[in-house]
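# Residue-level structure breakdown
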Amino acid sequence: MDKQTVVVLFGGRSSEHSISSATAGGVLQAIDRDRFDVIPVGITREGAFVLEADDPAKFALDAAHLPEVIDNGSRVRWPEPGGDRTLRVVHTDGSVADHGEIDVVLPILHGTHGEDGTIQGYFDTLEVPYAGGGVLDSALCMDKHFMKVVLESAGIAVAPWVTVRRRAWEQDAAPLRSEIAELGLPVFVKPARAGSSVGVSKVSELSELDAALEIAFAEDEKVLVETGITGREIEVAILETADGVRASLPGEIVLTERGFYDFEGKYLGGDGVDVVCPAELTESQVAAIQDIGVRAFEAVDGRGLARVDMFLAVDGGLVVNELNTMPGFTPISMFPKCWVASGLSYGDLISELIEAGLRR
């Protein structure tokens, strides 16, 4: 079987640059080298596309070392529409190296300029196939306000919320304050378009609201204030396969000490958080969670993959918190863990994703 050439694209300009780079380390380690030739391309924090080392160890993640893409002076030249799909790299001495034709890009980018539909639109324009979400589902799910609007219209329960725009807050906060007060306490304050729990605060007293909004406004001028839902934090992994959309066994975030699942808990294996998959659930609960996961994926025109996060409320209802179109993908992340528990290895999961991109 002829090997196919995959560009693994990572890094990027968002605050989640290091997480993306760490994910690349996991992917480079596990990708099936008998089936795929790999070209690692990093995006620096300034936005330059550079040829990176094919070295998983370089991007290992631990608390002492957050990996990143450093500008090494090389520049990647993507294929232009209508021609062949040859990837070229300009080196610092001005020489141009031809890296052959690429078949598909695997963009493992989180946050703005990666998970928000912009890079997807770029590759659509270049007519280069890519794995993962498309323009619409990426953009929708990056903006928590519009994601909630779409899910609600599809009859899927979401937590009550108030959307606060910085300008409206600065001009006249009073009506927004009264709307927020009606949500009850606690509330969660989160930027509309950031991920990995960056800029998120839990507010237990209304006196803490202003400070929490300032933290969120530092990430985005549009912020959501949401009712805190009491219940179990359940996540289900969704994958587009040749046989249709599949849902994994659900997993659960079990908080033993942390107030909520924050950045350190997600990525640095911080104390106080256990990522458990499969979660202890009844058969009917598993079926309901998988059904809501697939329905939510289809409601946003999902492509490739998503992780659907929801609360199993005390009354047994399911409330969708968010969809993540490029979920954490390090080997310890929930998305791969759920698929491993469902019988799909990390390496095979990467192959499935690439194949979905090639089918498109």
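Residues numbered from 1 in each chain as written. Predicted model: local features only at pLDDT ≥ 70, side-chain atom pairs only at ≥ 80, totals over all residues. Heavy atoms only, no water.

Taking an unreviewed UniProt entry as the reference, the protein is identified by name as D-alanine--D-alanine ligase belonging to Microbacterium aerolatum. Taken from UniProt, the Sequence similarities (unreviewed entry) comment for the protein reads in full: "Belongs to the D-alanine--D-alanine ligase family." Checking UniProt for the protein, the heading Subcellular location (unreviewed entry) contains the comment "Cytoplasm". (UniProt positions renumbered as here; feature names shortened; annotations may be inferred.)

Let us now look at the pattern of salt bridges. Side-chain pairs of opposite charge can arise whenever the charged atoms involved come near each other. Using the criterion set out here, one finds 18 salt bridges in the structure. The shortest N-O distance in the salt bridge between D220 and R193 comes to 2.7 Å. Of this pair, D220 sits in the loop between helix 7 (209–217) and strand 11 (222–227) while R193 is found in the loop between strand 9 (187–191) and strand 10 (201–203), placing the two residues 27 residues apart along the sequence. For D220, a relative accessible area of 7% corresponds to the buried category. In this structure R193 comes out as partly exposed when scored by relative accessible area, which is 30%. Connected through salt bridges with shared partners, the residues D143, R193, D220 and K222 form a single ionic network. (Salt bridge = Lys/Arg side-chain N within 4 Å of Asp/Glu carboxyl O. Helix = DSSP H or I, 4+ residues; strand = E, 2+ residues; numbered from the N terminus. Buried < 20%, exposed > 50% of the residue type's maximum accessible area, 1.4 Å probe, protein only.)

Here we take up the packing of aromatic side chains. Summed over the entire model, instances satisfying the criterion amount to 8 aromatic pairs. Here the aromatic rings of W78 and F123 are separated by 5.0 Å at their centres, their planes lie at 80 degrees, and the arrangement is edge-to-face. Note that W78 is positioned in the loop between strand 4 (75–77) and strand 5 (86–90) and F123 in helix 2 (residues 118–126), a separation of 45 residues in sequence. Taking the relative accessible area as the measure of exposure, W78 reaches 10% and is therefore buried. F123 sits in the buried class, given a relative accessible area of 0%. Taken together, a centroid distance of 5.8 Å and an interplanar angle of 40 degrees make the contact between F329 and Y346 tilted. Residue F329 is found in the loop between strand 17 (318–324) and helix 10 (334–341), and its partner Y346 is found in helix 11 (residues 346–359); the two are separated by 17 residues along the sequence. Of the residues examined, F329 reaches a relative accessible area of 2% and is grouped as buried. (Phe/Tyr/Trp six-rings, centres within 6.5 Å; stacked < 30°, edge-to-face > 60°.)

With respect to the helices and strands, S74 occurs in the loop between strand 3 (49–51) and strand 4. Classification of S74 as buried rests on a relative accessible area of 5%. In terms of polar contacts, S74 uses its side chain to reach the backbone amide nitrogen of L51, at 3.0 Å. In this structure the side chain of S74 is engaged in a polar contact, spanning 2.6 Å, whose partner is the side chain of N72. In this view, S74 contacts F49, V50, L51, V89, V90, H91 and T92; residues no more than four positions away in its chain are not counted. (Polar contact = N/O pair within 3.5 Å; in protein donor to acceptor, adjacent residues only side chain to side chain. Contact = heavy atoms within 4.5 Å.)

Here E252 shows up in strand 14 (residues 251–255). With a relative accessible area of 12%, E252 lands in the buried category. Within polar-contact distance, the side chain of E252 engages the side chain of R232 at 2.8 Å. In this structure, E252 is in contact with R232, E233, I234, D274, V275, V276, A279 and M334, ignoring residues within four places of it in sequence.

Okay, the UniProt feature "binding site: Mg(2+) 2" (unreviewed entry) in the protein next. Residues annotated in UniProt with the feature "binding site: Mg(2+) 2" (unreviewed entry) correspond here to E322 and N324. Take E322: it is sitting in strand 17. In this structure, E322 is in contact with K144, M147, R307, V308 and D309, ignoring residues within four places of it in sequence. Position of N324 among the secondary structure elements: in strand 17. Not counting chain neighbours up to four residues away, the residues in contact with N324 comprise E115, A306 and R307.

The next thing to look at is the state of the cysteines. Per the stated rule, a full pass over the model turns up 0 disulfides. You can see C141 has no disulfide; the closest cysteine sulfur is in C338, sitting 17 Å from it. Here C277 is not disulfide-linked; the sulfur of C338 is the nearest cysteine sulfur, at 3.1 Å. (Disulfide = S-S within 2.5 Å.)

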